Amino acid sequence: MAGGGGRAGRGRAQAGCRGTCGVGGGVFVCSRATLVSRVAMVTGASAGSGLAVAEYLLAQGARVVLNGRRADKLNAVADRLNAMGMGRAMAVAGEGNTT
């Protein structure tokens, strides 16, 4: 199927998809899915897998809120990502646990 504005799943094109879409193994697959105009929050985003996820989401066009415990590390990561042309990263430090 070509990209269009259908619903995700069962072989329908995802809304906003701009690529070639189809069904792979019973699961919706889009070779050029886009996250433009989406916002994601990534915890543990100052290093490791959290940072990798944040970088991936930014590369796909999402705006990303970077979350972690250390404001200094998060701000440095946000500055680096924004300087690389991934200008949609914002750092918010703090623990997710409010109890």
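To be clear, the structure that these remarks concern was listed above.
Residues numbered from 1 in each chain as written. Predicted model: local features only at pLDDT ≥ 70, side-chain atom pairs only at ≥ 80, totals over all residues. Heavy atoms only, no water.

Caption draft 1: A look at the sheet that holds strand 4 (residues 63-68). If you trace the three strands from one edge of the open sheet to the other, you get 3-4-5, paired in parallel fashion. For this open sheet the edge positions go to strand 3 (39-43) and strand 5 (89-93), each flanked by a neighbour on one side alone. Across the sheet, the mean angle from the axis of one strand to that of its neighbour is 20°, orientation sign disregarded. When strand 3 meets strand 4, the two strands line up parallel, connected through five bridges. Across the sheet, the residue bridging to Met41 is Val65, located in strand 4. Where helix 1 (residues 48-59) meets the sheet, its contacts fall on strand 3, strand 4 and strand 5, and the angle it forms with strand 3 comes to roughly 165°. Contacts between helix 2 (residues 71-83) and the sheet are confined to strand 4 and strand 5, with strand 5 contributing the most and set at about 180° to the helix. (Pairing = 2+ DSSP bridges. Helix = DSSP H or I, 4+ residues; strand = E, 2+ residues; numbered from the N terminus. Axes fitted to C-alpha atoms, helices over the stretch in contact; angles between N-to-C directions. Contact = heavy atoms within 4.5 Å.)

Caption draft 2: Inspection of the environment of Arg88 at higher detail. Turning to its location among the elements, Arg88 is positioned in the loop between helix 2 and strand 5. Since its relative accessible area comes to 32%, Arg88 is described here as partly exposed. Distance from Arg88 to Ala62, taken between C-alpha atoms, is 7.3 Å for residues 26 residues apart in sequence. The contact partners of Arg88, leaving out residues within four places of it in the chain, are Leu58, Gly61, Ala62, Arg63, Val64 and Asn82. Within the structure, Arg88 has its side chain in polar contact with the backbone oxygen of Ala62 (distance 3.3 Å). (Buried < 20%, exposed > 50% of the residue type's maximum accessible area, 1.4 Å probe, protein only. Polar contact = N/O pair within 3.5 Å; in protein donor to acceptor, adjacent residues only side chain to side chain.)

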